[in-house]
Amino acid sequence: MQRQKIIAGNWKMNGNLAFIDTITSELNNLEFTNNITVVLCPSFVHLSALSAKISNKNIKLGSQNISEHSSGAFTGETSADMLNEISVKYAIIGHSERRSIFGETDNQIAEKVKSALANGLTPILCIGESETERAQQKTETILSQQLQPVIDEIGIEKFKDVVIAYEPVWAIGTGKTASPEMAQETHQFIRQFLANNNAEIAEGVSLLYGGSVNAANSKELFAQTDIDGGLIGGASLKVDEFKIICSTAQGS
Ligand code: PGA
């Protein structure tokens, strides 16, 4: 099965209108093959401005978070429905910074995934272990604990519309990348965990690797059997580097 390749750029709390002009003028002209989707995830305030500048059909808009609620007294929050209305197609959910800094729980994240799907957004569900958890050989336990509540909440069949990003917390923004072999081994575990519920669905899920991906290491990572693209932080803010990462994914 040909899985969709995805490169998602997570700008975090970075970027401005000038950067939107620069990156779109560079990326709009690229010719992508049909099996690749590039997702740009700016801050909420920049979504509309970016949306207005995207003219390449392979480039989609993504948010960095959503509320699990559909409407109501939740000051500062944004619902999936509101995002859908302004052409957002993807939503990063459960990023490790949301989990560690903002205290999001596995159950809350499962509800967010459900809300995204109910409102036509493709969730990019982030999972990953900390350095201590890996050292204690708890990686598989942690990933299972992060995945199971989502399976329980939405049912395995809905994973046909879910993208998963494996991001070891110790590799995010640190310059320390998982080796291609280590990343592949973990991706294989994630796919097998899904396959234990439904083998056909598991085969079709795009699994992205994230954590210090750059132009130099992307080729070997994307060459791995179970790695279908990347969730890119720091390098998504460097236009030349991001362009190389996108073209590497196309060639893999
Ligand atoms: P990084 O971030 O590429 O800067 O490590 C990845 C992420 O946080 O999604």
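Structure shown above.
Because the structure is predicted, anything quoted here is derived from the model rather than measured.

Chemist: If you had to explain the overall build of the protein to someone new, which residues and values would you point to?
Modeler: The number of helices and strands found in the protein is 11 helices and 8 strands. Its C-alpha radius of gyration of 17 Å places the protein within 12% of the 18 Å reference for a compact globule of 252 residues. C-alpha atoms of the protein, sized along the principal axes, occupy 45 × 45 × 35 Å. Going through the 252 residues of the protein one by one, you find that 53% of them count as buried. Taking the intrachain contacts of the protein between residues at least 6 apart in sequence as the baseline, contacts between residues at least 24 apart amount to 73%. Accessible surface, the protein: about 11,200 Å² in total, of which carbon and sulfur atoms supply 48%. With 20 positive and 29 negative side-chain charges, the protein shows a separation of 4 Å between the mean positions of the two kinds.

Chemist: Explain the nonpolar core to me, and be specific about the residues and the numbers.
Modeler: Residues Ile7, Phe159, Ile164, Ile190, Tyr209 and Phe242 are the most contacted members of the largest nonpolar core, which totals 63 residues. For isoleucine 190, the contacting residues outside a window of four places in its chain are Ile127, Leu143, Leu147, Ile164, Tyr166 and Leu207. Residues Val39, Ile92, Ile124 and Leu208 belong to the second largest nonpolar core, which totals 12 residues.

Chemist: I'd like a description of unusual backbone geometry, backed by residues and values.
Modeler: Residues other than glycine seldom take positive phi values, yet glutamine 137 does so here, at roughly 55 degrees. Relative to the assigned elements, glutamine 137 resides in the loop between α6 (131-135) and α7 (139-154). Residue glutamine 137 is classed as exposed on the basis of its relative accessible area of 72%. Although it is not a glycine, serine 212 adopts a positive phi angle of roughly 55 degrees.

What counts and how
- Residues numbered from 1 in each chain as written.
- Predicted model: local features only at pLDDT ≥ 70, side-chain atom pairs only at ≥ 80, totals over all residues.
- Heavy atoms only, no water.
- Helix = DSSP H or I, 4+ residues; strand = E, 2+ residues; numbered from the N terminus.
- Rg over C-alpha atoms; globule rule 2.2 N^0.38 Å.
- Buried < 20%, exposed > 50% of the residue type's maximum accessible area, 1.4 Å probe, protein only.
- Contact = heavy atoms within 4.5 Å.
- Areas by Shrake-Rupley, 256 points an atom, 1.4 Å probe, with all protein chains shown as cover.
- Lys, Arg positive; Asp, Glu negative; His and termini not counted.
- Charge placed at Lys NZ, Arg CZ, Asp CG, Glu CD.
- Core = buried A, V, L, I, M, F, W, Y, C linked by side-chain atoms within 4.5 Å.

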